[in-house]
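# Examining the three-dimensional arrangement
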Amino acid sequence: MLKLNMNKKITFPDLINLVAVATDSSKRISEVFLKELFATIAKELADGETVSINGLGSFSLTDVNSRKSINVNTGEEIEIPSHRKVIFTPDKSISELINAPFAEFESVILDDDFNEDAFEQDDEQNAPQSEKEEVGEEVVIKEEKPLVLPPPFTKKIVKTEPEPQPQEETQNSEEGTISDKQPAEQVVASELSNDSEANNDNSYASDFFDEEKSFWEEYKTLILSLIIFIVLFGAGIAGWYFYCANKFAVETMLPNQAKSEIVAADSVITANADSIKTTLANDSVKQEPVKSLTKSVITDTVTRTMFLTKLSRKHYGDYHFWVYIYEENKDKISNPNAVAPGTVVVIPDASKYGIDKNNPVSIAKAQQKAEKILGK
Amino acid sequence: MNNKKLVEIIAKKIGRNKTDVQKLLDGLVTVLGDELSKLNTIVVPGFGSFEAKKKNERIVTNPSNGKRMLIPPKISMSYKVSNVLKNKIK
């Protein structure tokens, strides 16, 4: 519920409260600290110094040359004198944290015949279409993934994907992108079927390729246009997806969860890598990761900026449920307020403790538990 | 000025030990990261505002080999300096 209030403005008093809660200190201390902190940074900047803060980033100054401009009201030419301005460079850890919903995306090299105009045109056509799909929200998000994913990643998605329809599509796009670039080499690679991971990727893809070779040749243009359509469709959805800011919160959880599942699936893939040699084996590989995925234990690492409460929000959607992560990892954590960065914790299955972020009873239970733990 | 020196100065000014100040600073960083990942804007009067901005995906061309790449969309953190501080620095 809390997360539906998107794009809120956090004022200074709010910030004081939040910091006080996060550090378990009084509001007065938090207020004095924050006032002093920002005053000190401002003073140092005014003195021409650079200020860097661990985990947040650095504030520095840069010179701006004087330039000519026009007064928009009078049309007169004016000169903006040279001055200094503040530049903020965010720390890597915080930018990764903020970019978490898009962390799966990677840059893709486009084909030479890729037409930019077609991209824009199709994008416009797709935009209204996607608006109608409000009901199929989850499917929409998952379809978005193949948009900019490189072939190896798409493969992983195929395995973790629960819905049958996007699975089909991602398979298609996988065949398309890989075999389009180096069809001849792929066949050779599959016959050699080396043990290295890269070659396994190839053989995996080329199994598809062998199976559907004649099909591929027949429908080459059709499939190619289908792939481009999927990519553009995804781009259209990505745009629309941001207009629906209210729904964003619920969805941000999805990529996060998917990510940890992917990590689990990935290790299974490497374990099975040697068995990927024949077309038959191909089928078993496809089923095995799915089976073992449900059994595999999800773990996560505590960092300087990723505390138990945050892990709880990432995995369960509400920070109150940190108590269950603590409960599950009691042997590793002595004080839940000071978990050493780098500690790998097991994230218990949500059903084990009846975790439900939409159920106030479940949250109240977690709160009671937290009081008990902190009180003892 | 690095993190260590900043903590030292603040600790001296508010009369608390460095560990406490570092804890508060870490707490602030966590809160900022938390709120920004919820796409909230944090406004600090007299200092500026922190905001998470969405950058659209775009096509770029590598000038050396002419290859075109699709750069994915991302959310990045941005800081906008307040007018008070801006005038002080000028």
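All figures in this text were calculated on a predicted structure; none of them were measured in a lab.

## Regarding the overall build of chain B
A count of helices and strands for chain B gives three helices and five strands. Element order for chain B, N to C, with α for helix and β for strand: α-α-β-β-β-β-β-α. Split into buried and exposed, the 90 residues of chain B put 50% on the buried side. Counting only contacts in chain B whose residues sit at least 6 apart along the sequence, the fraction spanning at least 24 positions is 30%. Here chain B has roughly 4,500 Å² of accessible surface; of this, 49% comes from carbon and sulfur atoms.

## Observations regarding a positive patch on the surface
All names here are of chain B. A contiguous patch of positive charge, built from Lys53, Lys55, Arg58, Lys74, Lys80, Lys86 and Lys90, is present on the exposed surface. Contributing elements (two or more residues each) for the positive patch: β2 (48-55) and β5 (74-81). Relative to the elements of secondary structure, lysine 86 occurs in helix α3 (residues 83-89). Residue classification places lysine 86 among the partly exposed residues on the basis of a relative accessible area of 43%.

## Quick word on the side chain of B:Ser76
Residues and elements named next belong to chain B. You can see serine 76 is positioned in strand β5. For serine 76, a relative accessible area of 12% gives the class buried. A distance of 3.0 Å separates polar atoms of two side chains, one belonging to serine 76 and the other to lysine 55. Excluding anything up to four places from it in sequence, serine 76 contacts Glu51, Ala52, Lys53 and Lys55.

## Thoughts on the nonpolar core
Counting 53 residues, the largest nonpolar core has A:Leu15, A:Phe38, A:Ile41, A:Phe59, B:Phe47 and B:Phe50 as the members making the most contacts within it. Aside from chain neighbours lying at most four places away, what touches B:Phe47 is A:Phe38, A:Ile41, A:Ala42, A:Phe59, B:Tyr79, B:Lys80, B:Val81, B:Ser82 and B:Leu85. Core analysis: the second largest hydrophobic core is formed by 21 residues, A:Leu97, A:Val302, A:Leu311 and A:Val345 among them.

## Some thoughts on the pattern of salt bridges
Opposite charge on two side chains permits pairing when their charged atoms draw close. Considering all chains together, one arrives at eight salt bridges over all chains under this definition. The partner of A:Glu31 in a salt bridge is A:Lys35, and the shortest N-O contact between them spans 3.0 Å. In this pair, A:Glu31 and A:Lys35 are both assigned in helix α2 (residues 27-46), four residues apart and thus about one turn of the helix distant. The exposure class of A:Glu31 is partly exposed, given its relative accessible area of 32%. The salt bridge involving A:Glu36 is made with B:Lys13; its shortest N-O contact spans 3.5 Å. With one member in each of two chains, A:Glu36 in helix α2 and B:Lys13 in helix α1 (residues 3-14) form a pair that bridges those chains.

## Notes on unusual backbone geometry
Backbone geometry follows two general trends: most residues other than glycine have a negative phi, and most peptide bonds adopt the trans configuration. Residues and elements named next belong to chain A. Positive phi outside glycine occurs at aspartate 24, with the angle close to 65°. Looking at the element boundaries, aspartate 24 is found in the loop between α1 (12-23) and α2. Residue aspartate 24 is classed as exposed on the basis of its relative accessible area of 58%.

## Focus on the interface of chain A and chain B
With 70 residues of chain A at the contact, the number on the chain B side is 55 residues. Overall, the association of chain A and chain B removes approximately 6,100 Å² of surface from exposure, summing both partners, and the carbon and sulfur fraction of that is 73%. The three residues of chain A that bury the most area against chain B are A:Ile10, A:Phe33 and A:Ile98, which together make up 11% of that side's buried surface. Counting the contacts that link chain A with chain B gives one salt bridge. Applying the counting criterion to the chain A and chain B interface returns ten residue pairs in polar contact (both at pLDDT 80 or more). With 14 residues, the top contributor of residues to the side of chain A that touches chain B is α2(A). When the residues that make up the side of chain A that touches chain B are grouped by side-chain class, the tally is 42 nonpolar, 15 polar and 13 charged. Direction of pairing for strand β1 (residues 9-10) of chain A relative to strand β1 (residues 41-44) of chain B: parallel, over a ladder of two bridges. By the bridge assignment, A:Lys9 is partnered in β1(B) with B:Thr41.

## Digging into the sheet that holds β1(A)
One open sheet accounts for four strands, arranged β1(A)-β1(B)-β2(B)-β5(B); its pairing is mixed. On the outer flanks of this sheet lie β1 of chain A together with β5 of chain B, each paired with one strand and no other.

The rules behind the values
Residues numbered from 1 in each chain as written. Chains lettered and ligands numbered in written order. Predicted model: local features only at pLDDT ≥ 70, side-chain atom pairs only at ≥ 80, totals over all residues. Heavy atoms only, no water. Helix = DSSP H or I, 4+ residues; strand = E, 2+ residues; numbered from the N terminus. Buried < 20%, exposed > 50% of the residue type's maximum accessible area, 1.4 Å probe, protein only. Contact = heavy atoms within 4.5 Å. Areas by Shrake-Rupley, 256 points an atom, 1.4 Å probe, with all protein chains shown as cover. Patch = residues over 30% accessible without salt bridge, like charges linked within 9 Å, V, L, I, M, F, W, Y side chains within 5 Å. Salt bridge = Lys/Arg side-chain N within 4 Å of Asp/Glu carboxyl O. Lys, Arg positive; Asp, Glu negative; His and termini not counted. Charge placed at Lys NZ, Arg CZ, Asp CG, Glu CD. Polar contact = N/O pair within 3.5 Å; in protein donor to acceptor, adjacent residues only side chain to side chain. Core = buried A, V, L, I, M, F, W, Y, C linked by side-chain atoms within 4.5 Å. Buried area = accessible area lost by both parts, 1.4 Å probe. Nonpolar A, V, L, I, M, F, W, Y, C, P; charged D, E, K, R; others polar. Pairing = 2+ DSSP bridges.

Distances and angles like these do not, on their own, reveal function.
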